[in-house]
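Each chain, letter by letter, is given below.
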Amino acid sequence: MKIVIIGGGAAGMSAASRIRKLSRDAQVTVIEESSIISHAPCGIPYYIEGLFSDESLLSAYTPSQFAIDRNINILINSRAIEIRDGEVLIENKNEKRLIEFDKLIIATGARPRLPDVPISGNVLTIHHPINAGQAKHRLWNANDVVIIGSGLIAIELAEALVNLGKRVTIVTRSRQVLSKMLDPEMANIVEERLVRDIILVKNADLRAISRGNNGKTIVETSEDNFEGDIVVIATGIRPNSELARDFGLSIGKDGGILVDDHMRTSQGNIFAAGDVVETINLVTGKRVMAPFGPVANKMGYVAGVNAGGGDIIFPGVVLTGLTRYMDLEIGSTGVKESEAINAGLKPKSTIIKARTRSRYYPGGGWIWIKLISDANDKIIGAQVIGNEGVLARIDALAISIQHGLSIKDLFFAELGYLPPLSTAWDPLIIAARQLMPEG
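Residues numbered from 1 in each chain as written. Predicted model: local features only at pLDDT ≥ 70, side-chain atom pairs only at ≥ 80, totals over all residues. Heavy atoms only, no water.

A. Region of the structure containing the sheet that holds strand β21 (residues 287-288). Taken in spatial order, the three strands line up as β18-β20-β21 in an open sheet, and their pairing is mixed. Across the chains shown, the open sheet's two edge strands, defined by having one partner strand only, are β18 (257-258) and β21. Sheet topology note: the β18/strand β20 (residues 277-280) ladder contains two bridges and is parallel. The partner of Ile257 across the bridge, within β20, is Val277. (Pairing = 2+ DSSP bridges. Helix = DSSP H or I, 4+ residues; strand = E, 2+ residues; numbered from the N terminus.)

Right, here's the structure in full:
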């Protein structure tokens with residue numbers, strides 16, 4: 001059997017590995033447009049900050065390692081330009097050729113979504129590790145940096161640049177930062193910490209980015225004009241679904257490829273996985289994009305198993321996100337309260353503030369938890385911000401939401417306790433107690 005995978009990122013290489021595990025005989029070919037595979041874009045802000053200097057660490061394997069250790073044909077610097085019936089047309093160094101397939105996996109990922117305004121000057125996007133070295137060089141040579149957008153990449157890059165001593169301005173059209181993760185009252189906590197280090201401009205509609213006469217780059221908005229030595233655009237992503245669309249595969253409202261729970265597309269022998277697909281939100285039942293590395297790996301795993309002759313289901317997502325700014329860890333999972341209202345889930349919510357360690361134990365800090373339940377007291381969303389201990393709690397809440405647990409289930413969960421790590425009444429239990437029905 002000939003299986004071709006377009007895309008050598010997290011989803012594509014997970015699929016390739018799983019196919020080889022299931023079948024020693026399958027002919028597996030990976031087509032990758034860049035010169036690296038198994039790349040880790042989430043590490044780019046920390047590389048830019050200088051927390052590590054070896055750029056190769058942004059890739060888990062080299063193409064030769066994968067080819068030798070797993071007997072997988074890796075075609076780097078090769079671009080898939082057309083999908084045909086049973087064939088993919090690729091281009092390498094201006095030479096084109098066809099590769100036959102019995103099954104195809106599309107794992108082409110996503111690219112930065114650029115604003116629909118005139119753009120010129122010293123402008124940068126942060127997306128692919130292949131460009132990380134150049135991005136680091138350009139940012140290190142700048143003093144004033146304007147970041148357009150206030151999502152995960154914007155916050156993480158702001159932290160890196162502030163730690164490098166840069167002057168940072170975040171400009172966003174949103175009324176708050178991290179608008180896809182947090183409700184306004186939780187975003188407020190993050191914003192209060194951000195403005196100690198940076199200039200934060202909200203509700204600013206972008207009109208143009210242009211080159212100034214003084215060598216600066218000018219950001220023109222509805223609020224004011226801002227200038228920097230360099231401007232970073234971090235306004236979201238767009239799925240690379242053009243190949244699938246041109247071939248006639250079904251595409252969702254957000255531009256992602258529609259797949260079933262086996263990661264099959266609208267054509268049975270073609271699968272898709274990763275940032276290029278739309279999957280099911282387990283809380284709302286609606287199609288969503290889920291551009292997170294762990295999700296892409298699992299989607300690739302499922303696509304690889306099923307393309308390789310196995311049978312496994314991808315259940316959907318609860319959209320668990322995690323980031324950090326300085327001494328604040330920030331996590332969310334499930335739906336925001338505003339999303340729950342729009343979905344007709346009649347949510348109830350509470351916000352609590354608690355200590356992260358027992359009051360007599362030195363150190364520690366504070367943690368804020370927003371817990372959201374539906375009309376039947378099922379947990380449907382949570383947001384956690386704190387000086388420590390956010391990851392474990394957001395993970396516990398993600399599992400609770402994924403498996404449909406109730407507020408009472410969470411209240412009676414037997415969580416661990418140790419004074420240096422928590423309190424006898426864990427903040428999660430305190431939040432659950434606030435929402436738990438009486439009696």
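Right, picking up where we left off after that structure.
B. Inspection of a nonpolar patch on the surface at higher detail. Taken together, Tyr360, Tyr361 and Tyr417 make up a surface patch of nonpolar side chains, about 350 Å² in accessible area. Of note, Tyr417 is situated in the loop between α11 (407-411) and α12 (427-435). A relative accessible area of 42% means that Tyr417 is categorised as partly exposed. (Patch = residues over 30% accessible without salt bridge, like charges linked within 9 Å, V, L, I, M, F, W, Y side chains within 5 Å. Areas by Shrake-Rupley, 256 points an atom, 1.4 Å probe, with all protein chains shown as cover. Salt bridge = Lys/Arg side-chain N within 4 Å of Asp/Glu carboxyl O. Buried < 20%, exposed > 50% of the residue type's maximum accessible area, 1.4 Å probe, protein only.)

C. Here's a closer look at unusual backbone geometry. One non-glycine residue with positive phi stands out, namely Asn77, at about 50 degrees. Relative to the elements of secondary structure, Asn77 occurs in the loop between β3 (73-75) and β4 (79-84). The phi angle at Met263 is positive, at roughly 70 degrees, despite the residue not being glycine. Along the chain, Met263 falls in the loop between β18 and β19 (270-272).

D. How the structure looks around the pairing of strand β25 (residues 366-373). Most of β25 is tucked away, with seven of its eight residues classed as buried. Here strand β24 (residues 348-355) pairs with β25 via eight bridges, running antiparallel. Across the sheet, residue Ser349 finds its bridge partner in β25, namely Ile372. Looking at chain direction, β25 and strand β26 (residues 379-386) are connected through seven bridges and run antiparallel.

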